[in-house]
Every structure is written in C-alpha cells, then in structure tokens.
Amino acid sequence: MTVRELIQQARIDRFEAEILLADILEVERAWLFAHGEDSVAEPALALFIDHAEARQNGEPLAYVLGYRDFRSLRLGVNCHVLIPRRETEHLVEWAIERIDAGARRVLDLGTGSGAIALACKSERPDAMLTAIDCSAEALACAVGNARSLGVQVEWLKSQWFEQLGGAQWDLVVSNPPYISASDAHLKQGDLPAEPDSALIGGQTGLESIEHIVEHAPEYLVSGGWLLFEHGFDQADAVTACMQYRGFQHISSRRDWSGQPRMTGGQWLH
Ligand SMILES: C[S@@+](CC[C@H](N)C(=O)[O-])C[C@H]1O[C@@H](n2cnc3c(N)ncnc32)[C@H](O)[C@@H]1O
C-alpha cells in the first residue's frame, strides 16, 4: 500500500494519520507529501494499522505515539500520567519568572510525567528542583524522562506534603487535579483515557487546591511563592482560598486562549 492510500484509508483524522505515519517511518510530516506514491512495507505497515486502530478506539494520540512535546522537551508519556497541556507551559513561564527573581529551591507538587519540574530545571539549571507524586507509576515515567533528558531533579513519592519533613522552598508550583467528579468534560476528548487521580479534585474540583493552600505555608520560606494551574472558572475561588489563608500579592493569569487559568500569591509571614 502507498503512503497516500494508507493515510486515506486510516479512518482517523487525516492530520493525526500523517503524524502517526511520519513517526513510524521516522521522517518529517512534509516528507509524506513528496513521497505519496512510495509503498509502505512491513513492519511499518502493521504498526501503522495497529496505531490507527488504537486511535479509533479512543486512545489519545500522545499515548499512541508515546510522547508529547512540552516547551523545549520531548516527554515520554503513558496511561499513568496526564498528557502535558499547553496551558501548563504558561505556568512554567510564571515559575521561571520567579526563579529569575531569586527563587532557587523549587517544589513541583503532582509532577506526573515530570513536565513542570523538568522544564524548569532544563531552562534554569541553577534552580534546585524537587518533585513529588502519589503515583509510583507516574514517578517512574518522570524518572525515565529525567534520565533520557539528562536533567537532575529530586523525586519523591508523597501524598502532597506528607513525606517532605521540615524542608522549605522558595517556590511551590502545582498543576493539581482540579476537575469536579461530576463534570461532563471527564467524558470528552482524551480525558476518559487519562488517570482519574490526575484529573479529579473531589466533588467541587477544588479539594486538592484547598489542601495545598492550607499546608503550603509550612513549606514556604517567608517571601516564597505558591503558583497553581486551575480550571477556567476557578480563579475567583482559588484567589479567595489563598486570601483566607493569608497569602498576599495574589494575581491570576490567562492562558494562550485568554482564559484565567493560573493563580499565585506570596507568603510573607
Ligand atoms: C493534573 S496532573 C499534573 C501532572 C503534571 N504536573 C502536568 O502538569 O502535566 C496531577 C498530578 O497530581 C498527582 N496527585 C493527585 N493526587 C495527589 C496527592 N494526593 N498527592 C500527590 N500527588 C497527587 C497525580 O498523580 C497527577 O500526576
């Protein structure tokens, strides 16, 4: 079968079919257009059919490929981790601003594939990164990414702050689970295939954020910052929660689509 025929008959989104085939053939997507009449031989043919079928069955493209690009990094992903999102690249930008303003010790809470910690460390090698997750499988994925990228991060398995002892950080950054358990979005797009523990923040969606806001001051130096990613309609609730706990200089930021998706504040006690 030719490249053109294979893409046409894949019964998945054409762009995704091109990405899958280019990945299997280890060529740029542009190559496919110049080689439409080339025939695709085994084992690439069987692998493409297998991947297209997985995609038809609702497996996210990133899981089928086994990676997702995040800022300058190619991160390995699997069904145990959230697929890193573009919104989170903005959170990394904010974290890097704080690192540039003097934050040296940085804690990533709920690291998943390691996206935030690895991006911060690779872009600001002088920062000292610690990253935790409650999922051993997620941590294994993050450690694998750190190894293949040659990036040094301290990894810990912990329920939020539980295993962190008396240590303190200049910056705590987190993209925690923040979707309500009854939110219909959980049945849409890639979300049904992603781990519930990476997505659901209790009935209200805010339970993980509230827990982190409550306990973060014990782990922040005076002058330290806490930055969150959250849902598009949660900025007011997160602001109120941080104000109530005594954080100062609280502000929210918008993502690439104009939604207020991040809130952060400073601990000055
Ligand atoms: C939304 S995902 C974020 C993953 C990654 N930081 C990112 O931005 O792509 C949330 C992560 O928090 C972890 N998590 C959920 N509950 C946790 C808990 N109680 N303690 C520690 N980590 C938790 C999940 O395993 C998941 O990896």
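Residues numbered from 1 in each chain as written. Predicted model: local features only at pLDDT ≥ 70, side-chain atom pairs only at ≥ 80, totals over all residues. Heavy atoms only, no water.

Quick look at the overall build of the protein
Part 1 of the reasoning: Each helix and strand counted, the protein has 11 helices and nine strands in total.
Part 2 of the reasoning: Rg of the C-alpha trace for the protein: 20 Å, near the compact-globule value of 18 Å for 269 residues, within the 12% margin.
Part 3 of the reasoning: In terms of principal-axis extent, the alpha carbons of the protein reach across some 70 × 40 × 30 Å.
Part 4 of the reasoning: By the burial criterion, 51% of the 269 residues in the protein qualify as buried. (Helix = DSSP H or I, 4+ residues; strand = E, 2+ residues; numbered from the N terminus. Rg over C-alpha atoms; globule rule 2.2 N^0.38 Å. Buried < 20%, exposed > 50% of the residue type's maximum accessible area, 1.4 Å probe, protein only.)

Regarding the packing of helix α2 (residues 14–25) against helix α4 (residues 44–56)
A pair of packed helices can be characterised by two numbers: the angle between their axes and the separation between those axes.
Part 1 of the reasoning: Where α2 meets α4, the axes come as close as 10 Å, and the angle between the chain directions of the two elements is 145 degrees. Considering how the two elements wind past one another, α2 and α4 form a crossing that is right-handed. Of the residues in α4, those touching α2 at Glu16, Ala17, Leu20, Leu21, Ile24 and Leu25 are Ala44, Leu47, Phe48, His51, Ala52 and Arg55.
Part 2 of the reasoning: For the contact of α2 with α4, the per-class residue count stands at nine nonpolar, one polar and two charged. (Axes fitted to C-alpha atoms, helices over the stretch in contact; angles between N-to-C directions. Left-handed = near helix turned anticlockwise from the far one by under 90°. Contact = heavy atoms within 4.5 Å. Nonpolar A, V, L, I, M, F, W, Y, C, P; charged D, E, K, R; others polar.)

Overview of the pairing of strand β8 (residues 248–254)
Part 1 of the reasoning: With five bridges connecting them, β8 and strand β9 (residues 260–267) associate as antiparallel partners. Bridge pairing in β9 links Ser252 to Thr263.
Part 2 of the reasoning: Here β8 hands over to β9 after five residues, with Gly258 in that stretch at a positive phi of 90 degrees. (Pairing = 2+ DSSP bridges.)

Thoughts on the sheet that holds strand β5 (residues 154–157)
Part 1 of the reasoning: If you trace the seven strands from one edge of the open sheet to the other, you get β5-β4-β3-β6-β7-β9-β8, paired in mixed fashion. Two strands lie at the open edges of the sheet, namely β5 and β8, each paired on one side alone. Each neighbouring strand pair of the sheet contributes to a mean axis angle of 15 degrees, computed without reference to strand direction.
Part 2 of the reasoning: Each of β3 (105–109), β4 (128–133), β5 and β6 (169–174) is contacted by helix α7 (residues 115–123), which is oriented at about 170 degrees to β4, the strand it contacts most.
Part 3 of the reasoning: Sheet contacts for helix α8 (residues 136–149): β4 and β5; angle to β5, the most-contacted strand, approximately 170 degrees.

Points about the site of the ligand
Part 1 of the reasoning: Among the 19 residues in the neighbourhood of the ligand, the closest are listed as Gly110, Asp133, Trp160, Asn175 and Ala198.
Part 2 of the reasoning: Gly110 places a main-chain nitrogen or oxygen 2.8 Å from a nitrogen atom of the ligand.
Part 3 of the reasoning: A class-by-class count of the residues in the shell around the ligand yields nine nonpolar, nine polar and one charged. (Near = heavy atom within 4 Å. Polar contact = N/O pair within 3.5 Å; in protein donor to acceptor, adjacent residues only side chain to side chain.)

Focus on the packing of helix α6 (residues 86–100) against α7
Part 1 of the reasoning: Packing of α6 against α7 leaves a shortest axis separation of 10 Å and a crossing angle of 45 degrees. Relative to α7, the element α6 lies oblique. You can see that α6 and α7 cross each other, and the crossing is right-handed. Each of Thr88, Leu91, Val92, Ala95, Ile96 and Ile99 in α6 lies in contact with α7, whose residues at this interface are Ile116, Ala119, Cys120 and Glu123.
Part 2 of the reasoning: Looking at the contact of α6 with α7, its residues break down into eight nonpolar, one polar and one charged. (Parallel < 35°, antiparallel > 145°, perpendicular 65-115°, else oblique.)

With respect to the domain arrangement of the protein
Part 1 of the reasoning: Per the domain assignment, the segments making up the protein are domain 1 (3–57) and domain 2 (80–267).
Part 2 of the reasoning: Between the C-alpha centres of domain 1 and domain 2 there is a distance of 36 Å. (Domains from an automatic or database assignment.)

Some words on the packing of aromatic side chains
Part 1 of the reasoning: Per the counting criterion, the structure on display carries two aromatic pairs.
Part 2 of the reasoning: Aromatic side chains Phe161 and Tyr219 sit 4.6 Å apart centroid to centroid with 10 degrees between the ring planes, which places their arrangement in the stacked category. One end of the pair, Phe161, is in the loop between β5 and β6; the other, Tyr219, is in the loop between α10 (207–215) and β7 (220–229), with 58 residues separating them in the sequence. In terms of burial, Phe161 and Tyr219 fall into one category: buried.
Part 3 of the reasoning: Geometry around Trp256 places Arg86 over its ring, the cationic atom sitting 4.1 Å from the centre. (Phe/Tyr/Trp six-rings, centres within 6.5 Å; stacked < 30°, edge-to-face > 60°. Lys NZ or Arg CZ within 6 Å of the ring centre and 35° of its normal.)

Regarding the nonpolar core
The nonpolar side chains of a soluble globular protein tend to be buried, and buried together.
Part 1 of the reasoning: By size, the foremost hydrophobic cluster in this structure holds 31 residues, and its most contacted members are Leu118, Val153, Trp155, Leu171 and Leu227.
Part 2 of the reasoning: Mapped onto this core, the elements with two or more residues apiece are β2 (73–76), α6, α7, β4, α8, β6 and β7.
Part 3 of the reasoning: Sequence-distant contacts of Val153, that is, excluding residues within four places in its chain, are made with Ala117, Leu118, Lys121, Leu129, Thr130 and Ala131.
Part 4 of the reasoning: Grouped together as the second largest cluster of nonpolar side chains are 28 residues, Leu109, Ile132, Ile209 and Met242 included. (Core = buried A, V, L, I, M, F, W, Y, C linked by side-chain atoms within 4.5 Å.)

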